[in-house]
Amino acid sequence: MRKPLIAGNWKMNKTPREAAELVQALKDKLTEIDGVDIVLAPSFTALETVYNLIKGSKLGLGAQDVHWEEKGAYTGEVSFSMIKETGCQYVIIGHSERRQYFGETNETVRRKVKAALKFDLTPIVCVGERLEEREKGKTFQVVENHIKEGLATLSGEAVLKIVIAYEPVWAIGTGRTATPQQANEVHTFIRQLLSDIYNRDVASQTRILYGGSVKPDNISALMAEQEIDGALVGGASLEAQSFSEIVQRAKIKGVN
Ligand code: 13P
């Protein structure tokens, strides 16, 4: 049984003060929540503030990116030990916005994933095709490359510590969600791929999230699909009401 996971990727939104307001409101709504893992991923500058508010609660903390080197002359970058010390247990790696605007490649994803595991952080590894790739029938090929190259050289045991997020780029921030069937089709493909590369245990235990215009009114249908284990939520994670509704509805699939 895979425990559902709902992660809020706040992207470049919320100052530390605004983040604190949102967390306070979320805590009020999500105190008794069970059966679903919840992760908040604010910007680097709000990590510590958020951690101080959620510590001891069931809410988890994630960073949105990280550099793979331990330290050194990398102006503007943030290291694993820095995010770990702010209380992070998770880190998002290879988000399509990082790939699209900041030159993230499968190679940098691979380095980051490897380093995350070394630092005992759970990487949420994002994969997904762009619209033109889907239209050319290349969805599976792109996702396969993201997975094979992004996770290359990792053992099955290491992959068990990873969360994968399938985020079709054309569904991010567009209001155009993949249908539950479209999403499940790719999730099934990813699981088969993990089974082929590693084994059936790794494939069946790895959590695969869907991301792309997830809202309270579509989460239930997405979660009803067998291979969808949760969501990576952007816009709807910025409001306590919508994010907590998503969590509540995802919980229905969870263990109690
Ligand atoms: P939206 O939910 O705003 O489409 O963003 C999805 C996403 O990119 C989460 O990482």
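Parameters at a glance
Counting of residues starts from 1 at the beginning of each chain's written sequence and follows it residue by residue. The predicted origin of the model limits local features to residues at a pLDDT of at least 70 and limits the giving and counting of side-chain atom pairs to 80 or more, whereas totals for whole chains, interfaces and linings rest on all residues. Side-chain calculation: all heavy atoms of the structure are included, whereas hydrogens and water are not. Between buried and exposed lies partly exposed: a residue is buried under 20% and exposed over 50% of the maximum accessible area for its type, with that area taken using a 1.4 Å probe on protein chains only. Each helix is a run of H or I in the DSSP string that is no shorter than four residues. Each strand is a run of E no shorter than two, and both are numbered from the N terminus. When DSSP finds two or more bridges between a pair of strands, those strands are recorded as paired. It suffices for a single heavy atom of a residue to lie within 4 Å of a molecule or strand for the residue to be listed as near it. In protein, a polar contact requires one atom able to donate a hydrogen and another able to accept it; more generally it is a pair of N or O atoms within 3.5 Å, and residues adjacent in sequence count only if both atoms are side-chain atoms. Accessible surface area values rest on a Shrake-Rupley calculation with a 1.4 Å probe, where residue burial reflects the displayed protein chains alone. For this classification, the nonpolar set comprises Ala, Val, Leu, Ile, Met, Phe, Trp, Tyr, Cys and Pro, the charged set comprises Asp, Glu, Lys and Arg, and every other residue, Gly included, is treated as polar. We define a nonpolar core as any set of buried Ala, Val, Leu, Ile, Met, Phe, Trp, Tyr and Cys residues linked to one another through side-chain atoms lying within 4.5 Å. Contacts are residue-level and defined by heavy atoms, with any inter-residue pair within 4.5 Å sufficient.

A. Main features of the pairing of strand 6 (residues 163–166). Side chains of strand 6 alternate between two faces, with Val163 and Ala165 and Ile164 and Tyr166 buried alike. Examined bridge by bridge, strand 5 (residues 122–127) and strand 6 share four bridges and lie parallel to one another. Note on strand 6: the bridge partner recorded for Val127 is Tyr166. Where strand 6 meets strand 7 (residues 207–211), four bridges bridge the pair, whose relative direction is parallel. What sits directly across from Val163, in strand 7, is Arg207.

B. Spotlight on the site of the ligand. Surveying the vicinity of the ligand reveals the residues Asn9, Lys11, His95, Glu167, Ala171, Ile172, Gly173, Gly212, Ser213, Leu232, Gly234 and Gly235. One of the backbone nitrogen or oxygen atoms of Gly235 is found 2.8 Å away from an oxygen atom of the ligand. In isolation the ligand offers 310 Å² of accessible surface; the protein chains occlude 96% of this area. Here the shell around the ligand is composed, by residue class, of three nonpolar, seven polar and two charged.

C. Main features of the nonpolar core. Membership of the largest hydrophobic core comes to 71 residues, with the highest contact counts inside it found for Ile6, Ile83, Leu151 and Ile190. Among the elements that take part in this core, helix 9 (residues 180–197) stands out by supplying six residues, more than any other. Excluding anything up to four places from it in sequence, Ile190 contacts Val127, Val143, Ile147, Ile164, Tyr166 and Ile208. Membership of the second largest hydrophobic core comes to 12 residues, among which are Val39, Ile124, Ala165 and Leu209.

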